[in-house]
Amino acid sequence: MIRAVILLSLVLGTAACALPVYEPEPVSPQQWQERQDRIAREAAERDRLCAMSRPEDPRHDQLCNSLPKDRP
């Protein structure tokens, strides 16, 4: 039983290392546009969350650190 658990953990550990941890580059113009749209949506969501959070909120720094300093 212990051998099966050890073997299973080794297999899963090796499989986790083999998975790509990056997003492959788009290859078509449509994929590039979808990527740019997704990035714009994520940035708009960060802006919205930053604008809603108060300066005393512990998440405020985390939400607003990615924004350029010249923006309100």
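Residues numbered from 1 in each chain as written. Predicted model: local features only at pLDDT ≥ 70, side-chain atom pairs only at ≥ 80, totals over all residues. Heavy atoms only, no water.

**What about the overall build of the chain?**
Per the secondary structure count, the chain includes 3 helices and 0 strands. Reading the helices (α) and strands (β) of the chain from amino to carboxyl end gives α-α-α. Here the chain holds 72 residues, and the buried ones make up 10% of them. As displayed, the chain offers around 6700 Å² of accessible surface, 62% of which is attributable to carbon and sulfur atoms. (Helix = DSSP H or I, 4+ residues; strand = E, 2+ residues; numbered from the N terminus. Buried < 20%, exposed > 50% of the residue type's maximum accessible area, 1.4 Å probe, protein only. Areas by Shrake-Rupley, 256 points an atom, 1.4 Å probe, with all protein chains shown as cover.)

**Some words on the pattern of salt bridges**
Within the structure shown, the criterion is met by 3 salt bridges. Across the pair R38 and E42 runs a salt bridge whose closest N-O atoms are separated by 3.5 Å. Taken together, the positions of R38 and E42, both in helix α2 (residues 29-52) and 4 residues apart, correspond to about one turn of that helix. Assessed through its relative accessible area of 39%, E42 is described here as partly exposed. (Salt bridge = Lys/Arg side-chain N within 4 Å of Asp/Glu carboxyl O.)

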